[in-house]
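Notes for the structure review
Spelled out, the chains give:
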Amino acid sequence: DTAVSQTPKYLVTQMGNDKSIKCEQNLGHDTMYWYKQDSKKFLKIMFSYNNKELIINETVPNRFSPKSPDKAHLNLHINSLELGDSAVYFCASSPRAAFNEKLFFGSGTQLSVL
Amino acid sequence: EDKVVQSPLSLVVHEGDTVTLNCSYEVTNFRSLLWYKQEKKAPTFLFMLTSSGIEKKSGRLSSILDKKELFSILNITATQTGDSAIYLCAVKNAGYALNFGKGTSLLVTP
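Residues numbered from 1 in each chain as written. Chains lettered and ligands numbered in written order. Predicted model: local features only at pLDDT ≥ 70, side-chain atom pairs only at ≥ 80, totals over all residues. Heavy atoms only, no water.

Our focus in this paragraph is the nonpolar core. By size, the foremost hydrophobic cluster in this structure holds 22 residues, and its most contacted members are B:Tyr25, B:Phe30, B:Leu33, B:Trp35, B:Tyr87, B:Val91 and B:Leu106. Mapped onto this core, the elements with two or more residues apiece are strand S3 (19–26), strand S4 (32–38), strand S5 (44–49), strand S7 (61–66), strand S8 (71–76), strand S9 (85–92) and strand S11 (104–109) of chain B. Formed by 20 residues, the second largest nonpolar core is a distinct cluster that contains A:Tyr35, A:Ile45, A:Val88 and B:Ala97. (Core = buried A, V, L, I, M, F, W, Y, C linked by side-chain atoms within 4.5 Å. Buried < 20%, exposed > 50% of the residue type's maximum accessible area, 1.4 Å probe, protein only. Helix = DSSP H or I, 4+ residues; strand = E, 2+ residues; numbered from the N terminus.)

Interfaces are frequently sized by the accessible area removed from exposure as the parts join. With 22 residues of chain A in contact, the opposing surface of chain B contributes 22 residues. Viewed at the interface, chain B and chain A are joined by zero salt bridges. Where chain A packs against chain B, one counts four residue pairs in polar contact (both at pLDDT 80 or more). Across the side of chain A that touches chain B, the residue classes break down as 14 nonpolar, four polar and four charged. (Contact = heavy atoms within 4.5 Å. Salt bridge = Lys/Arg side-chain N within 4 Å of Asp/Glu carboxyl O. Polar contact = N/O pair within 3.5 Å; in protein donor to acceptor, adjacent residues only side chain to side chain. Nonpolar A, V, L, I, M, F, W, Y, C, P; charged D, E, K, R; others polar.)

To continue, consider the pattern of salt bridges. This model, assessed by the stated rule, comprises five salt bridges over all chains. In this structure, A:Arg63 and A:Asp85 form a salt bridge, with 2.8 Å as the shortest nitrogen-oxygen distance. A residue pair is termed long-range when its members are at least 10 positions apart, and A:Arg63 in the loop between strand S6 (53–57) and strand S7 (64–70) and A:Asp85 in the loop between strand S8 (73–78) and strand S9 (87–94) qualify at 22 residues. On the basis of relative accessibility, which here comes to 13%, the residue A:Arg63 falls in the buried class. Among the salt bridges present, the one from B:Glu39 reaches B:Lys37, with a minimum N-O distance of 3.9 Å. Under the relative-accessibility criterion, B:Lys37 is labelled buried at 14%. Among the charged side chains, a network of salt bridges with common partners joins A:Arg63, A:Glu82 and A:Asp85.

Let us now look at the environment of A:Val113. Residues and elements named next belong to chain A. By the secondary structure assignment, valine 113 is in strand S11 (residues 109–113). The sequence separation of valine 113 and glutamate 82 amounts to 31 residues, and the corresponding C-alpha distance is 6.5 Å. Setting aside chain neighbours within four positions, we find valine 113 in contact with Thr13, Gln14, Met15, Leu81, Glu82, Leu83, Asp85 and Ser86.

Attention shifts here to the state of the cysteines. Cysteine pairs can be covalently joined through their sulfur atoms, and such a bond is termed a disulfide. Across all of its chains, the model carries two disulfides over all chains by this definition. Disulfide pairing is shown between A:Cys23 and A:Cys91; the S-S distance is 1.9 Å. For the disulfide bridge between A:Cys23 and A:Cys91, the dihedral angle about the S-S bond is near -80°, and by the sign convention the bridge is left-handed. Placement of the pair is A:Cys23 in strand S3 (residues 19–25) and A:Cys91 in strand S9, with a sequence separation of 68 residues. Across the disulfide, B:Cys23 is cross-linked to B:Cys89 (sulfur-sulfur distance 1.9 Å). Taking the sign of the torsion about the S-S bond as the criterion, the disulfide between B:Cys23 and B:Cys89, at about -70°, is left-handed. (Disulfide = S-S within 2.5 Å.)

Just distances and angles here, no functional claims.
Shown next as structure tokens:
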């Protein structure tokens, strides 16, 4: 079983559309994250939830809205998609946010906005 | 603002060569430094370093941290084509997230 799974793997859409990416982890971790990786492969934190509570909310357009229905799921909804949103979005989880613990990454969602 | 700087940004070597990848950082309330390898998809964990001077080793890969000079190196000996990947350095402070550098893209040619 995949530990951190994201769907879809690929998403191609037109500018102005609204889309969602889903993430689920079966590791029993308390903390989940969304990272954005741009074309130059730079991984930047966007959001983090700890036990369904938002703990990191970086400077991200408010068109991006995370939702965590329970601690095993963290979804990312994007409104009014723009060309610059094209990137790979990675979901990750860790056992507990404030400790020295590694992140486990999903396989990424490649978003292409046309 | 925390900074993580990796060098070189890219590197091409021949199979069998030894490579050293560098990561320097400026972080408030440093907790740990992690190395990840990214091939096609998800970054996969290599090492976590919290103490200076203690080498972590896994096969042909090794890494060490210098908390006084604020850097870490990742060594790969006897490189193979399967080592071709992006190597990411990340630092954890007292907050909740890992802050990543821009990565070193390594290509090992036959």
